[in-house]
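Each chain, letter by letter, is given below.
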Amino acid sequence: MSYKAPRILIIPGLHDSGPAHWQSWLQGQYRDARRVTQRDPSKPALERWAERIQRTLEVAGKGEWLAVAHSFGCLALARHLDDHPDSPIREALFVAPAEPDKFGIAESLPHHRLPRRSRLIASSNDPWMSAASAARWAHRWGASYSNLGAVGHINAEAGFGPLPVAKSWVEAARARAAAEQRPRHAEFSEWAFAV
């Protein structure tokens, strides 16, 4: 059976991610990428949004995924991963999460390490979540943490069309997945030499 690279799952936040948004740019970089489309992207509902992630994965068929979430989509992804320890999502990228307290849902989110390797990218002046709160959630979820500086909500309005750091993360995650598929090389001591 030939190796198939994990596909990219785009999980937008409130009001979806328009054509100028970096998530739309990233989706365009990968032919087999999929987007989670909420029935009403203007109404944040944690359980419903998390369930929509699950439905999208079920419809897309077998295989591994790299999830790239933004804003409220990050919260839905965290909830999905906690609800579905068997999720085909292999790694997760959380970009500029929304503050759960703004929606009164902090207690509905996992407060422990998520069952997948993950990274959280934030900014120092995001109106939707403070850098301190982002660092706390990254720590709770066991995610590596990066702060891009004073770059707002890391969306189109903040000037992010392309987001090269997201594509670099995808490529590194795909490389890790491919490396796991390669056969282990024999140790030097295991080689038999003809004399």
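Here is what the cut-offs are and how they apply
Residues numbered from 1 in each chain as written. Predicted model: local features only at pLDDT ≥ 70, side-chain atom pairs only at ≥ 80, totals over all residues. Heavy atoms only, no water. Buried < 20%, exposed > 50% of the residue type's maximum accessible area, 1.4 Å probe, protein only. Helix = DSSP H or I, 4+ residues; strand = E, 2+ residues; numbered from the N terminus. Pairing = 2+ DSSP bridges. Right-handed = clockwise from strand over helix to strand, strands pointing away. Polar contact = N/O pair within 3.5 Å; in protein donor to acceptor, adjacent residues only side chain to side chain. Contact = heavy atoms within 4.5 Å. Salt bridge = Lys/Arg side-chain N within 4 Å of Asp/Glu carboxyl O.

### Section: the pairing of strand β1 (residues 7-11)
- In terms of burial, β1 is largely enclosed, as five of its five residues are buried.
- In terms of strand pairing, β1 meets strand β3 (residues 65-71) through five bridges, oriented parallel. By the bridge assignment, I8 is partnered in β3 with L66.
- By the bridge criterion, two bridges tie β1 to strand β2 (residues 34-35) in an arrangement that is parallel. Within the sheet, the bridge partner assigned to I10 lies in β2 and is R35.
- Remark: the β1/helix α1 (residues 22-29)/β2 crossover connection has right-handed handedness.

### Some details on the side chain of S87
- Among the secondary structure elements, S87 is positioned in the loop between α3 (72-83) and β4 (89-97).
- In this structure the side chain of S87 is engaged in a polar contact, spanning 2.8 Å, whose partner is the side chain of H80.
- Apart from residues no more than four positions distant in its own chain, S87 is found in contact with L57, H80, L81 and R116.

### Looking at the pattern of salt bridges
- Overall, the coordinates contain eleven salt bridges when judged by the stated rule.
- The residue D16 makes a salt bridge to R35 at a minimum N-O spacing of 2.8 Å. With a gap of 19 residues between them, D16 in the loop between β1 and α1 and R35 in strand β2 connect regions that are remote in the sequence.
- Residues R79 and E47 are paired through a salt bridge, measuring 3.1 Å at the closest nitrogen-oxygen approach. Here E47 lies in helix α2 (residues 46-60) and R79 lies in helix α3, a separation of 32 residues in the sequence.
- Shared partners join several salt bridges into a network, and the residues in it are E47, R79 and D83.

### Examining unusual backbone geometry
- The phi dihedral of S71 is positive, around 55°, even though this residue is not glycine.
- Mapped onto the elements, S71 comes out in strand β3.
- We note that I154 has phi near 50°; this positive angle belongs to a residue other than glycine.
- Topologically, I154 is positioned in the loop between β6 (144-147) and α5 (164-181).

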